[in-house]
Amino acid sequence: LLDASGVPVELPHSSLTRPLARFLALNRTVRTLRRYDIGRVFTRAGGGGQPHSQKQLCLDVVAPSSDLGTDGAQYALTEQMEIMRDCLTHSARLA
């Protein structure tokens, strides 16, 4: 899609994880990171026309696999639960 000047126009990413993946690829010294992002994402409409938009919550946990050991899945789940608790705590203050 081009605007009136011929410049390509794009919608924001359809994933909130892509910017983090770029950041991590450019900053290889980051070994651990825990974050959440709430934002609007866009997807193509099935029959064309205006794209669909919706809010999305993205939880990301970055840790070296050597730190996770055999309980890696449990570690990631625990981190995600803690992030959810933080989100709910902070959103309650905003209300």
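From a predicted model like this one, the values you see are computed outputs, not experimental measurements. Throughout, a residue's number is its position along its own chain's written sequence, starting from 1. This being a predicted model, a pLDDT of at least 70 is required before a residue's local features are given, and a value of 80 or more before pairs of side-chain atoms are given or counted; all residues contribute to the totals for chains, interfaces and linings. By convention in this description, side-chain values take in all heavy atoms of the structure and omit both hydrogens and water.

Chemist: Help me out: how do you make sense of the overall build of the chain in this one?
Modeler: A run of DSSP states H or I qualifies as a helix once it reaches four residues; a run of E qualifies as a strand once it reaches two. Both are numbered from the N-terminal end. Looking only at helices and strands, one finds three helices and two strands in the chain. In the chain, the succession of α and β elements from N to C terminus is α-β-β-α-α. When accessible area is computed with a 1.4 Å probe and restricted to protein chains, residues below 20% of their type maximum are described as buried, those above 50% as exposed, and intermediate ones as partly exposed. The buried share of the chain, taken over its 95 residues, is 15%. Look at the contacts in the chain between residues 6 or more apart in sequence, and 43% of them connect residues 24 or more apart. Surface exposure here means Shrake-Rupley accessible area, sampled with a 1.4 Å probe, where a residue is shielded only by the protein chains that are shown. Accessible surface, the chain: about 7500 Å² in total, of which carbon and sulfur atoms supply 54%. Contact between two residues is taken to exist if any of their heavy atoms lie within 4.5 Å; hydrogens are not considered.

Chemist: What exactly am I supposed to notice about the pattern of salt bridges here?
Modeler: Oppositely charged side chains are able to pair whenever their charged atoms sit close together. We define a salt bridge as a side-chain nitrogen of Lys or Arg found within 4 Å of a carboxyl oxygen belonging to Asp or Glu. Under the definition given, this model contains five salt bridges. Linking Arg35 and Asp37 is a salt bridge whose minimum nitrogen-to-oxygen distance equals 3.7 Å.

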